[in-house]
Amino acid sequence: IVTCGKVRDGDERKVTIQEGNPENKTIIIVDDLVQSGGTLFECAQVLKAAGAASVSAFCAHGVFPKEAWKRFDKGGDRAVFKN
């Protein structure tokens with residue numbers, strides 16, 4: 001298990017790996033609620049940068065205001081988190 005967390009400092013946020021090592025692992029991010037998808041996207045980037053073999057995501061409720069979903073639509077769902 002790899003645990004990521006978000007720290008906010010005013011309007012800025014930073015996603016970090018808090019526990020575990022994603023290197024050479026297939027990662028599935030599970031989230032109950034995604035608003036704009038910014039944290040989800042940043043989490044995937046952090047995991048890939050730390051050596052994850054692949055990153056996928058599951059979300060129970062996606063809000064995606066103001067067409068925020070478009071960041072995930074570039075080349076299909078599996079193209080978002082590739083190196």
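Going along each chain's sequence as written, the residues are numbered from 1 onward. The predicted origin of the model limits local features to residues at a pLDDT of at least 70 and limits the giving and counting of side-chain atom pairs to 80 or more, whereas totals for whole chains, interfaces and linings rest on all residues. Just so you know, side-chain values use all the structure's heavy atoms and leave hydrogens and water out.

Take the confidence of the model for the protein chain next. pLDDT is a residue-level measure of predictor confidence that goes from 0 to 100. Looking at the protein chain, pLDDT values average 83 and 87% of them are 70 or higher. Secondary structure follows DSSP: runs of H or I at least 4 residues long count as helices, runs of E at least 2 residues long count as strands, and numbering of each begins at the N terminus. The lowest-confidence element of the protein chain is strand β4 (residues 54-62), averaging 86 in pLDDT; the highest-confidence one is strand β2 (residues 12-19), averaging 91.

Right, let's talk about the pattern of salt bridges for a bit. Throughout this description, the term salt bridge denotes a Lys or Arg side-chain nitrogen within 4 Å of a carboxyl oxygen of Asp or Glu. Scanning the model with the defined rule gives one salt bridge in all. In this structure, Arg13 and Glu42 form a salt bridge, with 3.4 Å as the shortest nitrogen-oxygen distance. Here the residue Arg13 occupies a position in strand β2, and Glu42 occupies one in helix α1 (residues 38-49), the gap between them amounting to 29 residues.

A few words on a nonpolar patch on the surface. Patch definition: residues above 30% relative accessible area lacking any salt bridge, with like charges linked at up to 9 Å and the nonpolar side chains Val, Leu, Ile, Met, Phe, Trp and Tyr linked at up to 5 Å. To be clear on the numbers: accessible area is Shrake-Rupley with a 1.4 Å probe, and residue cover counts the displayed protein chains and nothing else. Together, Ile28, Val30 and Phe58 make up an exposed nonpolar region whose accessible area comes to about 350 Å². In this fold, Ile28 is placed in strand β3 (residues 26-34). Only protein chains enter the accessibility calculation, which uses a 1.4 Å probe. A residue is then buried if its area is under 20% of the maximum for its type, exposed if over 50%, and partly exposed in between. Among the residues examined, Ile28 registers a relative accessible area of 60% and is labelled exposed.

Attention now moves to the nonpolar core. Buried Ala, Val, Leu, Ile, Met, Phe, Trp, Tyr and Cys residues that are joined via side-chain atoms within 4.5 Å together make up what is termed a nonpolar core. In this structure, Val15, Ile27, Ile29, Val34, Leu40, Cys43, Ala44, Leu47, Ala52, Val55 and Phe72 together form the largest nonpolar core, which totals 11 residues. Taken together, the elements giving at least two residues each to this core come down to β3 and α1. Here the element with the most residues in this core is α1; it accounts for four residues. When checking whether two residues touch, look at their non-hydrogen atoms; a contact exists if any pair is within 4.5 Å. In this view, Cys43 contacts Cys4, Val15 and Ile29; residues no more than four positions away in its chain are not counted.

Attention now goes to the pairing of β2. Only strands joined by at least two bridges in the DSSP assignment are considered to pair. Here strand β1 (residues 3-9) runs beside β2; their pairing, made up of seven bridges, is antiparallel. If you follow Val7 over to β2, its bridge partner there is Lys14.

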